[in-house]
Amino acid sequence: MNSKLIYTVFLLAIFQLLTAQSKKRKLVWQENFSTTALDTLVWNYELGNGCPNLCGWGNNERQEYTKTNHQLTNGTLIISALKEGARYTSTRITTAGKKEFQYGRIEAKAKIPQGQGIWPAFWMLGSNIKQVGWPKCGEIDILEYIGKEPHKVFTSLHTQESHGQTINTQKTTIDNVEQGFHIYAVDWDADKISFFIDDREVYMYQPQIKNENNWPFTQPFYIILNLAIGGNFGGPEVDDTIFPQQFTIDYIKVYQ
């Protein structure tokens with residue numbers, strides 16, 4: 001190999017390295033739950049049973065959301081689902097209007113609860129939901145788990161074209177996923193959305209022709225964490241002997 005060719009190869013290698021570094025995403029936000037209370041500059045509480053506008057939170061869910069069904073302990077957020085007499089209680093929080101993101105990798109390290117009727121979720125909604133409504137705003141379900149189908153994780157998208165019983169979904173079987181923490185992530189850009197569990201890609205959505213009905217993912221989305229009980233997806237049957245149950249989140253990170 002002559003010196004000119006060696007020099008050309010060297011320059012090409014440097015160019016490729018610099019290009020790769022320029023494309024590498026940087027951590028732009030993280031929530032480590034390291035304080036003693038949720039930061040209200042970041043998080044909103046959604047309370048009650050959704051009535052009168054969205055009773056049962058649109059899914060015939062049975063829980064009431066409160067400000068007291070969670071705690072921050074040892075750098076984790078623990079959301080507790082309880083059976084209190086005739087009522088079920090839990091927590092639902094969002095970053096709407098406070099922390100919203102368009103594109104990037106959004107991930108959470110979490111340990112899920114288990115049992116018939118339990119339905120934890122880590123998901124996102126389009127920031128224009130108040131203007132256009134659901135499902136036109138779009139929905140990205142990074143993690144959903146229902147206790148009636150143990151060892152399975154659901155990753156889904158909802159759009160105007162496909163919502164409710166969406167076809168844009170993947171059910172992944174993971175032995176003993178209920179044990180310990182796992183990392184649930186979405187990698188989202190202008191062309192596609194890919195879902196990952198423990199850095200393994202489990203589903204990708206990439207419509208060739210994009211329009212507002214199948215690709216509302218051209219705007220910022222906000223993050224939601226909640227632990228639902230029963231409902232059209234998680235229920236309808238609920239095993240009252242399983243309570244209390246806990247959905248534990250170690251961190252959330254966003255890379256862009």
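Note that the coordinates shown come from a computational prediction; the quantities given were computed from them, not determined experimentally.

**Quick notes on the pairing of strand S17 (residues 221-229)**
When a strand is regular, its side chains alternate between the sheet's two faces. The buried fraction of S17 amounts to nine of the nine residues, a majority that puts the element mostly inside the structure. Burial along S17 is two-sided: Phe-221, Ile-223, Leu-225, Leu-227 and Ile-229 facing one way and Tyr-222, Ile-224, Asn-226 and Ala-228 facing the other are all buried. With three bridges connecting them, strand S7 (residues 92-94) and S17 associate as antiparallel partners. The residue of S17 that forms the bridge with Ile-93 is Leu-225. Here two bridges tie strand S8 (residues 100-101) to S17, and the two strands are oriented antiparallel to one another. Along S17, the bridge assignment pairs Phe-101 with Phe-221. Sheet analysis places strand S10 (residues 118-126) next to S17, joined by nine bridges and oriented antiparallel. What sits directly across from Leu-125, in S17, is Tyr-222.

**Concerning the side chain of Ser-90**
One can find Ser-90 in strand S6 (residues 87-90). Classification of Ser-90 by relative accessible area gives buried; the value is 0%. Sequence-distant contacts of Ser-90, defined by excluding residues within four places in its chain, comprise Gln-63, Glu-64, Tyr-65, Thr-66, Asn-69, Ile-79, Ser-80, Ala-81 and Leu-227.

**Considerations on the pattern of salt bridges**
Here the structure, examined in full by the defined rule, presents 10 salt bridges. With a closest N to O distance of 2.7 Å, Asp-187 and Arg-25 form a salt bridge. Pair noted here: Asp-187 is in strand S14 (residues 182-188) and Arg-25 is in the loop between helix H1 (3-23) and strand S1 (27-31), with a separation of 162 residues, a long-range link. What makes Arg-25 partly exposed here is its relative accessible area of 28%. With a shortest N-O distance of 3.8 Å, Lys-109 and Asp-250 are connected by a salt bridge. Pair noted here: Lys-109 is in strand S9 (residues 104-111) and Asp-250 is in strand S18 (residues 245-255), with a separation of 141 residues, a long-range link. Residues participating in the shared-partner salt-bridge network are Arg-105, Glu-107 and Asp-199.

**A few points about the packing of aromatic side chains**
Evaluated as defined, the whole model comprises 12 aromatic pairs. Summarising the aromatic geometry, the rings of Tyr-88 and Phe-243 are spaced 5.5 Å apart at their centres and angled 50° between planes, so their arrangement reads as tilted. With Tyr-88 in strand S6 and Phe-243 in the loop between helix H3 (231-234) and S18, the pair connects residues that are 155 residues apart, well separated along the chain. The same class applies to Tyr-88 as to Phe-243, namely buried. Linked through ring pairs, Tyr-103, Trp-188, Tyr-205, Trp-215, Phe-217 and Phe-221 together constitute an aromatic cluster. The ring of Trp-215 carries the charged tip of Lys-210 above its face, separated from the ring centre by 5.0 Å.

**Description of the state of the cysteines**
Overall, the coordinates contain one disulfide when judged by the stated rule. Through a disulfide, Cys-51 is tied to Cys-55; the S-S separation comes to 1.9 Å. With the S-S bond torsion at 135°, the cross-link from Cys-51 to Cys-55 turns out right-handed. Relative accessible area serves as the criterion here: at 39%, Cys-51 is assigned to the partly exposed category. No disulfide involves Cys-137; its sulfur sits 19 Å from the nearest other cysteine sulfur, which is in Cys-55.

**A short note on the nonpolar core**
Ranked by size, the top nonpolar core spans 50 residues in total, and within it Trp-43, Ile-140, Ile-223, Leu-225 and Ile-252 carry the most contacts. Among the elements that line this core, the one with the most residues is S17, at five residues. Those residues in contact with Leu-225 that lie beyond four places of it in its chain are Phe-33, Trp-43, Leu-77, Ile-79, Thr-91, Arg-92, Ile-93, Ala-121, Phe-122, Phe-247, Ile-249 and Ile-252.

**Some thoughts on the confidence of the model for the protein**
For the protein, the average pLDDT comes to 93, and 91% of its residues sit at 70 or higher. Note that residues 6-11 has pLDDT below 50 and, in this model, one contact with residues that lie over four places away or in other chains. Confidence drops under pLDDT 50 across residues 13-22; counting only partners more than four residues distant or on other chains, this segment forms zero contacts.

Rules and cut-offs
Residues numbered from 1 in each chain as written. Predicted model: local features only at pLDDT ≥ 70, side-chain atom pairs only at ≥ 80, totals over all residues. Heavy atoms only, no water. Buried < 20%, exposed > 50% of the residue type's maximum accessible area, 1.4 Å probe, protein only. Helix = DSSP H or I, 4+ residues; strand = E, 2+ residues; numbered from the N terminus. Pairing = 2+ DSSP bridges. Contact = heavy atoms within 4.5 Å. Salt bridge = Lys/Arg side-chain N within 4 Å of Asp/Glu carboxyl O. Phe/Tyr/Trp six-rings, centres within 6.5 Å; stacked < 30°, edge-to-face > 60°. Lys NZ or Arg CZ within 6 Å of the ring centre and 35° of its normal. Disulfide = S-S within 2.5 Å. Core = buried A, V, L, I, M, F, W, Y, C linked by side-chain atoms within 4.5 Å. pLDDT = per-residue confidence, 0-100.

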